[in-house]
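Read off the chains here:
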Amino acid sequence: MSNRHSLTLTALPEHIDVMGHVNNAVWVQWMEALATAHWESAALPEHQAKYVWVVTRHEIDYRGNISEGESVTAETFIPEGPTGARFDRCVEFRNSAGKVIVAARSTWAMIDRETGRLCRVPPEVAAPFGPFGN
């Protein structure tokens, strides 16, 4: 299975800031929506029921933007396997010309729903998101 997942997102009026383009906070919301969609599409139902994810760090490079009515293709991938309870997720947003206009790397931590505590990512939970290193 490929560890890549993509969505197409379109800038709506509520996404636009005073500069006339998508607000930086919206890009972060879109990153979360993409990560959640990836988790829900690839993880087994029993893993989705047992675990949740939280972000511990975002690093975002803004190289461009889009205006109301324009769309981007958002793609996420996990570049390497987990370390303990954490793994990094990369996201790229491409405009209609295919240029990466926003790129991010986020660190996510896995939480056991029942205890509310961090827990090590089991190999069987990570497996659907590999192969790593793409």
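First, a word on scope: everything that follows refers to the structure included in this document.

Definitions and limits used
- Residues numbered from 1 in each chain as written.
- Predicted model: local features only at pLDDT ≥ 70, side-chain atom pairs only at ≥ 80, totals over all residues.
- Heavy atoms only, no water.
- Helix = DSSP H or I, 4+ residues; strand = E, 2+ residues; numbered from the N terminus.
- Expected span 1.5 Å × (residues − 1).
- Buried < 20%, exposed > 50% of the residue type's maximum accessible area, 1.4 Å probe, protein only.
- Polar contact = N/O pair within 3.5 Å; in protein donor to acceptor, adjacent residues only side chain to side chain.
- Pairing = 2+ DSSP bridges.
- Axes fitted to C-alpha atoms, helices over the stretch in contact; angles between N-to-C directions.
- Contact = heavy atoms within 4.5 Å.
- 1 Å grid on protein atoms, 1.4 Å probe; cavity = no way out; pocket = protein on both sides within 12 Å on 5 of 7 lines; lining within 4 Å.
- Points joined across faces, edges and corners; volume = space filled by probe spheres on them.
- Nonpolar A, V, L, I, M, F, W, Y, C, P; charged D, E, K, R; others polar.

Some details on helix H1 (residues 24-42)
Argument step 1. Compared with an ideal rise of 1.5 Å per residue, which puts 19 residues at 27 Å, H1 spans 28 Å between its outermost C-alpha atoms and is within 8% of the ideal.
Argument step 2. All buried positions along H1 are accounted for by Val 26, Trp 27, Trp 30, Met 31, Leu 34, Ala 35, Ala 37, His 38, Trp 39 and Ala 42.
Argument step 3. Two or three places before Ala 25, at the opening of H1, Asn 23 has a side-chain oxygen 2.7 Å from that residue's backbone nitrogen.

A closer look at the sheet that holds strand S1 (residues 5-10)
In sheet architecture, strand pairing relies on hydrogen bonds along the backbone and comes in two forms, parallel and antiparallel.
Argument step 1. Taken in spatial order, the five strands of this open sheet run S1-S3-S4-S5-S2, and their pairing is antiparallel. If you trace the sheet from one side to the other, it starts and ends with S1 and strand S2 (51-62), each paired once. Neighbour-to-neighbour, the strand axes of the sheet open up by a mean angle of 25°, direction not taken into account.
Argument step 2. H1 contacts S1, S2, strand S3 (71-77), strand S4 (86-94) and strand S5 (100-112) of the sheet and is inclined by roughly 140° relative to S1.

Points about the layout of surface pockets
Argument step 1. Here the largest pocket defines a volume of roughly 210 Å³.
Argument step 2. Looking at the largest pocket, the residues that line it are Glu 32, Ala 35, Thr 36, Trp 39, Glu 40, Tyr 51, Val 52, Trp 53, Phe 87, Arg 89, Trp 108 and Arg 113.
Argument step 3. Sorting the residues of the lining of the largest pocket by element identifies H1, S2 and S4 as the ones contributing at least two each.
Argument step 4. Considering only residue class, the lining of the largest pocket consists of seven nonpolar, one polar and four charged.

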